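So the chains spell out like this:
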Amino acid sequence: MLPARPRASRPRWRGASPRALGSLVALGFAAALITGCGLGPGPVPEGVHLTVTRDFGTRVLSQTSAPKVQGAETVMSLLMRNATVSTRYGGGFVESVDGDSGGEAGGQPLDWFYYVNGIEAPKGAAATNVHPGDHIWWDLHDWSQTDSVPAVVGSFPDPFVNGIDGKRLPLRVECASVTSGPCVTVESRLAKLGVLAPLAAIGPGYEPETLRLLVGPWTAVSGEPTVHQIESGPRSSGVYARMSANGSTLTVLNERGTIARTLTAGAGLIAATRSGEEDPVWVVTGTDEAGLELAAHAFDEAALHNRFALAIAPGGAMLPLPAPASLGG
(Lines give C-alpha, C1' and ligand atoms only; values in the text may rest on other atoms or scores of the structure.)
Protein backbone atom coordinates (compact mmCIF):
# COMPACT_ATOMS: atom_id res chain seq x y z
CA MET A 1 0.00 0.00 0.00
CA LEU A 2 1.23 3.47 -0.75
CA PRO A 3 2.24 5.91 1.99
CA ALA A 4 -0.12 7.61 4.34
CA ARG A 5 1.39 11.05 3.81
CA PRO A 6 4.88 11.04 2.35
CA ARG A 7 6.47 14.47 2.31
CA ALA A 8 4.88 16.73 -0.33
CA SER A 9 2.77 13.80 -1.60
CA ARG A 10 -0.50 15.69 -1.44
CA PRO A 11 0.55 18.37 -3.98
CA ARG A 12 1.97 15.70 -6.31
CA TRP A 13 -1.20 13.64 -6.19
CA ARG A 14 -3.43 16.64 -6.76
CA GLY A 15 -1.45 17.50 -9.88
CA ALA A 16 -1.19 13.95 -11.22
CA SER A 17 -2.76 13.03 -14.54
CA PRO A 18 -5.61 10.47 -14.48
CA ARG A 19 -3.27 7.86 -15.98
CA ALA A 20 -0.56 8.52 -13.40
CA LEU A 21 -3.07 8.52 -10.57
CA GLY A 22 -4.50 5.24 -11.84
CA SER A 23 -1.02 3.72 -11.76
CA LEU A 24 -0.50 4.87 -8.19
CA VAL A 25 -3.82 3.40 -7.13
CA ALA A 26 -2.97 0.11 -8.86
CA LEU A 27 0.29 0.00 -6.96
CA GLY A 28 -1.64 0.62 -3.78
CA PHE A 29 -3.88 -2.40 -4.42
CA ALA A 30 -0.91 -4.57 -5.34
CA ALA A 31 0.90 -3.59 -2.15
CA ALA A 32 -2.25 -4.29 -0.15
CA LEU A 33 -2.04 -7.91 -1.21
CA ILE A 34 1.47 -8.04 0.22
CA THR A 35 0.77 -6.37 3.54
CA GLY A 36 -1.39 -9.22 4.74
CA CYS A 37 1.66 -11.42 5.21
CA GLY A 38 4.62 -9.05 5.21
CA LEU A 39 7.14 -9.10 2.37
CA GLY A 40 7.83 -12.79 2.53
CA PRO A 41 10.35 -15.10 4.16
CA GLY A 42 13.02 -12.47 4.77
CA PRO A 43 14.62 -11.97 8.18
CA VAL A 44 12.36 -10.68 10.91
CA PRO A 45 13.49 -7.20 12.02
CA GLU A 46 14.21 -7.37 15.73
CA GLY A 47 14.08 -4.63 18.35
CA VAL A 48 11.55 -2.55 16.43
CA HIS A 49 9.50 0.14 18.21
CA LEU A 50 6.09 1.22 16.93
CA THR A 51 4.50 4.41 18.23
CA VAL A 52 1.15 5.89 17.18
CA THR A 53 0.25 9.36 18.44
CA ARG A 54 -1.75 12.40 17.48
CA ASP A 55 -1.39 16.17 17.84
CA PHE A 56 2.39 16.22 17.46
CA GLY A 57 3.00 13.45 19.94
CA THR A 58 1.00 14.97 22.79
CA ARG A 59 -1.54 12.10 22.82
CA VAL A 60 -0.17 8.58 22.74
CA LEU A 61 -2.61 6.18 21.08
CA SER A 62 -0.42 3.09 21.20
CA GLN A 63 3.21 2.35 21.85
CA THR A 64 5.14 -0.91 21.90
CA SER A 65 8.71 -2.11 21.79
CA ALA A 66 7.51 -5.54 20.69
CA PRO A 67 5.08 -5.12 17.78
CA LYS A 68 3.88 -8.17 15.88
CA VAL A 69 6.13 -8.91 12.91
CA GLN A 70 6.11 -11.66 10.32
CA GLY A 71 9.06 -11.98 8.01
CA ALA A 72 10.38 -8.85 6.37
CA GLU A 73 8.11 -5.86 6.91
CA THR A 74 7.44 -2.46 5.41
CA VAL A 75 6.35 0.49 7.49
CA MET A 76 2.83 0.06 6.12
CA SER A 77 2.61 -3.69 6.67
CA LEU A 78 3.90 -3.26 10.22
CA LEU A 79 1.19 -0.71 10.97
CA MET A 80 -1.54 -2.84 9.44
CA ARG A 81 -0.39 -5.88 11.38
CA ASN A 82 -0.59 -4.01 14.69
CA ALA A 83 -3.58 -1.69 14.24
CA THR A 84 -6.92 -1.42 12.49
CA VAL A 85 -6.24 0.78 9.47
CA SER A 86 -8.59 2.25 6.88
CA THR A 87 -7.43 3.99 3.71
CA ARG A 88 -8.69 6.37 1.06
CA TYR A 89 -7.81 7.32 -2.52
CA GLY A 90 -7.69 3.70 -3.57
CA GLY A 91 -5.39 2.71 -0.74
CA GLY A 92 -2.96 5.57 -1.20
CA PHE A 93 -3.48 7.35 2.12
CA VAL A 94 -4.17 6.26 5.66
CA GLU A 95 -7.61 7.50 6.63
CA SER A 96 -7.71 6.18 10.17
CA VAL A 97 -5.75 4.16 12.69
CA ASP A 98 -7.83 2.44 15.35
CA GLY A 99 -10.64 4.91 14.67
CA ASP A 100 -8.61 8.14 14.73
CA SER A 101 -9.20 9.76 11.36
CA GLY A 102 -7.69 12.42 9.17
CA GLY A 103 -9.80 15.10 7.54
CA GLU A 104 -10.47 18.51 9.06
CA ALA A 105 -10.80 19.85 12.58
CA GLY A 106 -11.91 23.41 13.12
CA GLY A 107 -11.33 24.10 9.45
CA GLN A 108 -7.72 22.88 9.63
CA PRO A 109 -6.40 19.85 7.70
CA LEU A 110 -5.39 16.70 9.59
CA ASP A 111 -3.45 13.79 8.15
CA TRP A 112 -1.27 10.89 9.19
CA PHE A 113 2.50 11.31 8.82
CA TYR A 114 5.24 8.81 9.62
CA TYR A 115 8.86 9.00 10.71
CA VAL A 116 11.60 6.38 10.81
CA ASN A 117 14.25 7.02 13.44
CA GLY A 118 13.10 10.61 13.67
CA ILE A 119 13.20 11.33 9.95
CA GLU A 120 10.23 12.00 7.69
CA ALA A 121 10.65 9.34 5.03
CA PRO A 122 10.99 10.46 1.40
CA LYS A 123 9.30 7.28 0.10
CA GLY A 124 5.95 5.67 0.56
CA ALA A 125 5.28 3.52 3.61
CA ALA A 126 4.91 0.42 1.43
CA ALA A 127 8.28 1.12 -0.18
CA THR A 128 10.12 1.70 3.11
CA ASN A 129 11.54 -1.44 4.67
CA VAL A 130 11.72 -1.88 8.42
CA HIS A 131 15.24 -2.57 9.72
CA PRO A 132 16.30 -4.00 13.09
CA GLY A 133 16.03 -1.45 15.88
CA ASP A 134 13.97 1.04 13.88
CA HIS A 135 11.70 3.46 15.70
CA ILE A 136 8.56 3.78 13.54
CA TRP A 137 6.38 6.70 14.56
CA TRP A 138 3.00 7.60 13.07
CA ASP A 139 1.38 10.88 14.09
CA LEU A 140 -1.95 12.47 13.15
CA HIS A 141 -1.62 16.25 13.11
CA ASP A 142 -2.64 19.60 11.72
CA TRP A 143 -0.52 20.50 8.70
CA SER A 144 -1.95 23.96 8.02
CA GLN A 145 1.39 25.60 8.82
CA THR A 146 3.60 23.17 6.93
CA ASP A 147 3.09 19.87 5.13
CA SER A 148 6.63 18.83 6.04
CA VAL A 149 8.31 18.38 9.40
CA PRO A 150 11.48 16.83 7.99
CA ALA A 151 13.04 15.68 11.26
CA VAL A 152 11.99 15.31 14.88
CA VAL A 153 13.81 14.66 18.16
CA GLY A 154 11.26 12.35 19.79
CA SER A 155 12.78 9.04 18.66
CA PHE A 156 16.05 9.77 20.51
CA PRO A 157 18.54 8.09 20.71
CA ASP A 158 17.82 7.63 17.03
CA PRO A 159 18.97 8.36 14.43
CA PHE A 160 22.32 8.29 16.25
CA VAL A 161 22.07 4.60 17.27
CA ASN A 162 20.26 2.90 14.38
CA GLY A 163 20.94 5.37 11.60
CA ILE A 164 19.07 5.77 8.34
CA ASP A 165 17.72 3.00 6.12
CA GLY A 166 19.43 0.35 8.19
CA LYS A 167 22.84 2.02 8.08
CA ARG A 168 24.43 3.59 11.14
CA LEU A 169 26.06 6.87 10.12
CA PRO A 170 29.02 8.63 11.67
CA LEU A 171 28.14 11.53 13.95
CA ARG A 172 30.03 14.77 14.27
CA VAL A 173 29.37 16.87 17.37
CA GLU A 174 30.28 20.46 16.59
CA CYS A 175 30.57 22.92 19.44
CA ALA A 176 31.03 26.64 19.88
CA SER A 177 33.55 25.57 22.52
CA VAL A 178 34.64 21.93 22.67
CA THR A 179 35.67 22.29 26.31
CA SER A 180 32.43 23.91 27.48
CA GLY A 181 30.11 22.23 29.97
CA PRO A 182 27.23 21.83 27.49
CA CYS A 183 29.48 20.23 24.87
CA VAL A 184 30.91 17.78 27.39
CA THR A 185 27.40 16.98 28.68
CA VAL A 186 26.11 16.16 25.19
CA GLU A 187 29.17 14.05 24.42
CA SER A 188 28.83 12.07 27.65
CA ARG A 189 25.11 11.41 27.11
CA LEU A 190 25.91 9.98 23.67
CA ALA A 191 28.83 7.93 24.98
CA LYS A 192 26.54 6.22 27.51
CA LEU A 193 24.44 5.07 24.55
CA GLY A 194 27.49 3.66 22.81
CA VAL A 195 27.67 6.54 20.35
CA LEU A 196 31.23 7.81 20.16
CA ALA A 197 31.52 11.05 18.23
CA PRO A 198 34.53 13.30 17.75
CA LEU A 199 34.18 16.85 19.05
CA ALA A 200 35.01 19.63 16.65
CA ALA A 201 34.52 23.32 16.17
CA ILE A 202 31.42 24.29 14.19
CA GLY A 203 32.38 23.66 10.60
CA PRO A 204 31.37 24.48 7.06
CA GLY A 205 28.15 22.67 6.33
CA TYR A 206 26.95 19.46 4.69
CA GLU A 207 28.99 16.29 4.57
CA PRO A 208 27.44 13.24 2.84
CA GLU A 209 26.29 10.36 5.05
CA THR A 210 27.26 12.13 8.24
CA LEU A 211 24.94 13.21 11.02
CA ARG A 212 25.72 16.55 12.62
CA LEU A 213 24.82 17.86 16.06
CA LEU A 214 25.59 21.51 16.77
CA VAL A 215 26.01 22.71 20.36
CA GLY A 216 26.25 26.40 21.17
CA PRO A 217 24.31 29.60 21.77
CA TRP A 218 22.19 30.67 18.82
CA THR A 219 24.64 33.29 17.61
CA ALA A 220 27.27 30.55 17.28
CA VAL A 221 25.16 27.92 15.47
CA SER A 222 22.86 29.99 13.25
CA GLY A 223 25.46 30.41 10.53
CA GLU A 224 24.90 26.77 9.54
CA PRO A 225 22.45 27.09 6.59
CA THR A 226 20.12 24.24 7.61
CA VAL A 227 19.92 25.39 11.23
CA HIS A 228 19.42 28.99 10.11
CA GLN A 229 15.99 28.02 8.73
CA ILE A 230 14.66 27.95 12.29
CA GLU A 231 14.65 31.75 12.28
CA SER A 232 11.86 31.59 9.66
CA GLY A 233 9.52 29.22 11.50
CA PRO A 234 7.84 25.92 10.60
CA ARG A 235 7.27 26.55 6.90
CA SER A 236 11.03 26.66 6.42
CA SER A 237 12.36 24.30 9.08
CA GLY A 238 9.43 22.23 10.37
CA VAL A 239 10.23 23.55 13.86
CA TYR A 240 7.34 25.32 15.60
CA ALA A 241 9.50 28.08 17.00
CA ARG A 242 11.48 31.06 15.78
CA MET A 243 14.81 32.25 17.04
CA SER A 244 15.56 35.92 16.52
CA ALA A 245 18.57 36.71 14.37
CA ASN A 246 20.50 38.08 17.33
CA GLY A 247 19.55 35.09 19.48
CA SER A 248 17.93 37.17 22.18
CA THR A 249 14.43 35.69 21.90
CA LEU A 250 12.90 32.28 21.31
CA THR A 251 9.30 32.51 20.12
CA VAL A 252 7.26 29.40 20.89
CA LEU A 253 4.45 28.66 18.41
CA ASN A 254 1.37 26.47 18.63
CA GLU A 255 0.14 24.20 15.84
CA ARG A 256 -1.73 27.08 14.18
CA GLY A 257 1.46 29.15 14.02
CA THR A 258 0.22 31.54 16.71
CA ILE A 259 2.65 32.86 19.30
CA ALA A 260 2.16 30.93 22.52
CA ARG A 261 5.04 32.40 24.47
CA THR A 262 8.13 34.53 23.96
CA LEU A 263 11.21 33.47 25.90
CA THR A 264 14.22 35.68 26.39
CA ALA A 265 17.32 35.26 28.57
CA GLY A 266 17.99 31.74 29.81
CA ALA A 267 15.87 29.88 27.21
CA GLY A 268 16.99 26.70 25.45
CA LEU A 269 16.02 24.73 22.35
CA ILE A 270 16.59 21.19 21.09
CA ALA A 271 15.44 20.62 17.51
CA ALA A 272 16.23 18.77 14.30
CA THR A 273 15.72 19.81 10.70
CA ARG A 274 17.09 19.08 7.26
CA SER A 275 17.47 20.56 3.78
CA GLY A 276 16.00 18.52 0.95
CA GLU A 277 17.20 14.94 1.12
CA GLU A 278 20.34 15.76 3.08
CA ASP A 279 20.92 14.03 6.39
CA PRO A 280 19.26 15.77 9.34
CA VAL A 281 21.07 18.32 11.49
CA TRP A 282 20.34 18.50 15.22
CA VAL A 283 20.90 21.58 17.33
CA VAL A 284 21.24 22.04 21.09
CA THR A 285 21.16 25.78 21.61
CA GLY A 286 19.92 28.68 23.69
CA THR A 287 19.43 32.41 23.75
CA ASP A 288 22.58 32.59 25.86
CA GLU A 289 24.95 30.38 27.84
CA ALA A 290 22.38 29.79 30.59
CA GLY A 291 19.79 28.62 28.07
CA LEU A 292 22.35 26.44 26.34
CA GLU A 293 23.18 24.80 29.67
CA LEU A 294 19.50 23.95 30.22
CA ALA A 295 19.20 22.52 26.71
CA ALA A 296 22.27 20.33 27.17
CA HIS A 297 20.89 18.88 30.41
CA ALA A 298 17.57 18.13 28.64
CA PHE A 299 19.41 16.14 25.96
CA ASP A 300 18.18 12.71 27.04
CA GLU A 301 15.52 10.18 26.18
CA ALA A 302 13.15 11.07 29.01
CA ALA A 303 12.92 14.74 28.06
CA LEU A 304 12.78 14.21 24.29
CA HIS A 305 10.46 11.19 24.15
CA ASN A 306 7.68 11.72 21.57
CA ARG A 307 8.58 15.40 21.12
CA PHE A 308 8.77 17.00 17.70
CA ALA A 309 11.10 19.59 19.25
CA LEU A 310 11.62 20.96 22.75
CA ALA A 311 11.96 24.45 24.19
CA ILE A 312 13.20 24.97 27.73
CA ALA A 313 12.01 28.05 29.62
CA PRO A 314 14.22 29.93 32.09
CA GLY A 315 14.14 27.91 35.29
CA GLY A 316 13.94 24.60 33.40
CA ALA A 317 10.25 24.14 32.49
CA MET A 318 10.05 22.04 29.34
CA LEU A 319 7.70 23.13 26.56
CA PRO A 320 6.90 20.68 23.75
CA LEU A 321 6.85 22.16 20.26
CA PRO A 322 4.41 23.01 18.91
CA ALA A 323 3.02 24.35 22.15
CA PRO A 324 -0.44 23.33 23.35
CA ALA A 325 -3.05 25.79 22.11
CA SER A 326 -3.95 26.56 25.74
CA LEU A 327 -0.47 27.88 26.57
CA GLY A 328 -0.67 31.60 27.20
CA GLY A 329 1.68 34.24 25.89
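Structure's up top.
Residues numbered from 1 in each chain as written. Predicted model: local features only at pLDDT ≥ 70, side-chain atom pairs only at ≥ 80, totals over all residues. Heavy atoms only, no water.

Caption draft 1: Looking closely at the pairing of strand 17 (residues 268–273). Of all the six residues making up strand 17, six are buried; the element is thus mostly covered by neighbouring parts of the structure. Of the two faces of strand 17, the one carrying G268, I270 and A272 and the one carrying L269, A271 and T273 are both buried. Of the pairings in the sheet, the one linking strand 17 to strand 18 (residues 281–286) comprises six bridges and is antiparallel in character. Bridge pairing links T273 to V281 in strand 18. Taken together, the three bridges between strand 17 and strand 19 (residues 309–312) define a ladder with antiparallel strand orientation. Counterpart to I270 in the pairing with strand 19 is L310. (Buried < 20%, exposed > 50% of the residue type's maximum accessible area, 1.4 Å probe, protein only. Helix = DSSP H or I, 4+ residues; strand = E, 2+ residues; numbered from the N terminus. Pairing = 2+ DSSP bridges.)

Caption draft 2: Region of the structure containing the state of the cysteines. Under the counting rule described, the total for this entry stands at one disulfide. Bridging C175 to C183, the disulfide has an S-S length of 1.9 Å. Of note, the bridge from C175 to C183 carries an S-S torsion of about 70° and is right-handed in sense. The pair C175 / C183 is uniform in exposure class, with both members buried. (Disulfide = S-S within 2.5 Å.)

Caption draft 3: Just the sheet that holds strand 16 (residues 259–263), in detail. Here three strands make up an open sheet; going across it, the order is 14-15-16 and the pairing antiparallel. The strands lining the two open edges of the sheet, one partner per strand, are strand 14 (241–243) and strand 16. In this sheet, adjacent strand axes meet at a mean angle of 15° when their direction is disregarded. Alignment of strand 14 against strand 15 (residues 250–253), held across three bridges, turns out to be antiparallel. Across the sheet, residue R242 finds its bridge partner in strand 15, namely T251. (Axes fitted to C-alpha atoms, helices over the stretch in contact; angles between N-to-C directions.)

Caption draft 4: Inspection of the packing of helix 4 (residues 181–192) against helix 8 (residues 289–297) at higher detail. Relative to each other, helix 4 and helix 8 sit at 10°, their axes nearing to 9 Å. One way to sum up the angle between helix 4 and helix 8 is to call them roughly parallel. Here P182, T185, V186 and R189 of helix 4 come into contact with helix 8, specifically with L292, E293, A296 and H297. Looking at the contact of helix 4 with helix 8 residue by residue, the classes come out as four nonpolar, two polar and two charged. (Parallel < 35°, antiparallel > 145°, perpendicular 65-115°, else oblique. Contact = heavy atoms within 4.5 Å. Nonpolar A, V, L, I, M, F, W, Y, C, P; charged D, E, K, R; others polar.)

Caption draft 5: Structural view of the nonpolar core. By size, the foremost hydrophobic cluster in this structure holds 29 residues, and its most contacted members are F160, L190, L213, V284 and F299. At the level of secondary structure, the elements contributing two or more residues to this core comprise strand 11 (171–175), helix 4, strand 13 (211–215), strand 17, strand 18, helix 8, helix 9 (301–304) and strand 19. Counting residues in each nonpolar core, the second largest holds 23 residues, with W218, V227, L269 and V281 among its members. (Core = buried A, V, L, I, M, F, W, Y, C linked by side-chain atoms within 4.5 Å.)

So yeah, pure geometry; function would need other evidence.
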